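# Chains, contacts and geometry: an overview
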Amino acid sequence: HNQQPTNRIMADGIAHGSDWCTIESDPGVFTTLIEKFGVKGAELSELWSLDDDSLSHLVTDGNKVYGLIFLFKWVAGHHSASSDDGSSTAGKPLMGGDVPSGLFFAKQTVQNACATQAILSVLLNAASKDADASGSGTMDTDDGSSGDKLILGDTLTNLSSFLVDLPFDMRGESIGASEDIRSAHNSFARRDAFLSDPDKARRAATEDDDVFHFIAYVPHANGTVYELDGLKSGPVSCGPYDNSDDASPLSWLTTARTAIQDRIDKYAATEIKFNLMGVVNDRRPVLQAKLTHLRAAGLDNSSDEVATILAELAGEEEKRTKWKVENERRQHNYLPFCMELIRSLAGSGKLPDIVKTANERQVEARKQMMAQKMAAMQQK
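Computed from a predicted model, the values in this text were never measured in an experiment.

### Some points on the overall build of the protein chain
Scanning the protein chain from terminus to terminus reveals eleven helices and eight strands. Summarising the internal contacts of the protein chain: among those between residues at least 6 apart in sequence, 73% fall at separations of at least 24. Working note: accessible area of the protein chain is about 19800 Å², and carbon and sulfur atoms make up 52% of it.

This is how it looks when you write it as structure tokens:
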């Protein structure tokens, strides 16, 4: 989607320079990232639509949605992403005593940390909201005995305790200075020497570059959904939701959906570079608990109920295996293979024709990109 050689969007930040790398916006990447933090009982799930069916699927069978993270193309002056003029329909950032008790927010002060900071914002707010998540910070087993509880782990539990009394900007500085958080984030750095030369100064993004930014949406116990954008001076209220005991779990999600749709609607119709994920509970402990209950009731693997649960568990494990393979490929250095392939093609005399074809495709792609930009400008 941008200059990076991947079919997925790279999560970029808009802040001061740093030694944080860009990482790919992918549920497998982000789930592995939070597990490196020590988090248990949570994963990232991608949403391809904002319709009712997609949101309902997130909360099927009582599944929890701790928050949403939304990736969009940042355009200076377009969405007030770095200003506090209050032009957004969600309103102005809250400061001081207007910030509700227990709502975690941190300003982003380092570049390329927006994805990690958005995820941390969801996790730390979920822990604050759910007393079960802020207990010991550890889990004794991985066999599902913890049920569907969110466990932050020692790293985030200690970080949360340290940040609680700091101002928003110092919270961002502290996150950026955390070696544990930065190391986990940078473990997803590309291993390609052509793309990550440590001796080469970073080029500042220009208006021709695609720069992306992550923000979070979380429900609060006061019955309000908040947008957490690290480039703003404080959290932004998106509107109320029904937080009563018998309320639909979709209540806060529909409020967040309105705010997200408002952002999307401000772009030209040709803009499709958005990405939305939910931070949800790991379904495996829930499925294991159901399986244990069914077997305790005397049902064996031949019953339809048990077979269904086993199939769902197998699907979850297959998904995790796929994520593991994909992450290993992301972190592998393919440069030696590419160099040997180029030598082989050159030796066989095929390289000139391949280069010619590639250049022709690049020219055509640039023409299409310019046509799309012109069409977008005419719509404004």
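Here the narrative resumes.
### Details of empty space enclosed by the protein
Tallying each qualifying case throughout the model produces three cavities of 30 Å³ or more. Lining the largest cavity are 13 residues, with Q117, A118, L228, D229 and G230 positioned closest to its centre. It is helix 3 (residues 114-129) that contributes the most residues to the lining of the largest cavity, four residues altogether. By residue class, the composition of the lining of the largest cavity is seven nonpolar, five polar and one charged.

### Comments concerning helix 1 (residues 27-37)
Taking burial as the measure, the eleven residues of helix 1 include eight buried ones, the bulk of the element. For helix 1, the N-terminal cap is D26; the gap from its side-chain oxygen to the backbone nitrogen of G28 is 2.8 Å. At the exit of helix 1 stands G38, carrying a positive phi of roughly 105 degrees.

### So, the packing of aromatic side chains
Applying the stated rule across the entire model yields four aromatic pairs. Each ring, one from F30 and one from F214, has its centre 5.7 Å from the other, and the planes form 70 degrees; the classification is edge-to-face. Of this pair, F30 sits in helix 1 while F214 sits in strand 5 (residues 212-219), placing them 184 residues apart in sequence. By the burial criterion, F30 is buried, and F214 matches it. For the ring pair F70 and F274, a centre distance of 5.9 Å and an interplane angle of 10 degrees mean the geometry is stacked. Pair noted here: F70 is in strand 4 (residues 65-73) and F274 is in the loop between helix 7 (251-265) and strand 8 (275-281), with a separation of 204 residues, a long-range link. Given the relative accessible area of 1%, F70 is considered buried. The aromatic ring of F188 is capped on one face by K36, whose charged end is 6.0 Å from the ring centroid.

### Comments concerning the packing of helix 1 against helix 6 (residues 179-186)
Axis separation between helix 1 and helix 6 bottoms out at 9 Å; the angle between their running directions is 150 degrees. With respect to helix 6, the element helix 1 is oriented roughly antiparallel. The two elements helix 1 and helix 6 cross, and the hand of that crossing is right-handed. Judged by residue contacts, L33, K36 and F37 of helix 1 engage I181, A184 and H185 from helix 6. Among the residues making up the contact of helix 1 with helix 6, the classes are represented as four nonpolar, one polar and one charged.

### Points about the packing of helix 8 (residues 283-296) against helix 9 (residues 304-331)
Where helix 8 meets helix 9, the closest approach of the two axes is 10 Å, and the angle between their N-to-C directions is 155 degrees. Relative to helix 9, the element helix 8 is oriented roughly antiparallel. Pair helix 8 / helix 9 crosses with left-handed handedness. Packed against helix 8, whose contacting residues are R283, R284, L287, Q288, K290, L291, L294 and R295, the element helix 9 presents E305, V306, I309, L310, E312, L313, E316, E317 and R320 at the interface. Class assignment for the residues of the contact of helix 8 with helix 9 results in seven nonpolar, one polar and nine charged.

Basis of the calculations
- Residues numbered from 1 in each chain as written.
- Predicted model: local features only at pLDDT ≥ 70, side-chain atom pairs only at ≥ 80, totals over all residues.
- Heavy atoms only, no water.
- Helix = DSSP H or I, 4+ residues; strand = E, 2+ residues; numbered from the N terminus.
- Contact = heavy atoms within 4.5 Å.
- Areas by Shrake-Rupley, 256 points an atom, 1.4 Å probe, with all protein chains shown as cover.
- 1 Å grid on protein atoms, 1.4 Å probe; cavity = no way out; pocket = protein on both sides within 12 Å on 5 of 7 lines; lining within 4 Å.
- Points joined across faces, edges and corners; volume = space filled by probe spheres on them.
- Nonpolar A, V, L, I, M, F, W, Y, C, P; charged D, E, K, R; others polar.
- Buried < 20%, exposed > 50% of the residue type's maximum accessible area, 1.4 Å probe, protein only.
- Polar contact = N/O pair within 3.5 Å; in protein donor to acceptor, adjacent residues only side chain to side chain.
- Phe/Tyr/Trp six-rings, centres within 6.5 Å; stacked < 30°, edge-to-face > 60°.
- Lys NZ or Arg CZ within 6 Å of the ring centre and 35° of its normal.
- Axes fitted to C-alpha atoms, helices over the stretch in contact; angles between N-to-C directions.
- Parallel < 35°, antiparallel > 145°, perpendicular 65-115°, else oblique.
- Left-handed = near helix turned anticlockwise from the far one by under 90°.

Everything listed is a geometric property; what it means functionally is a separate question.
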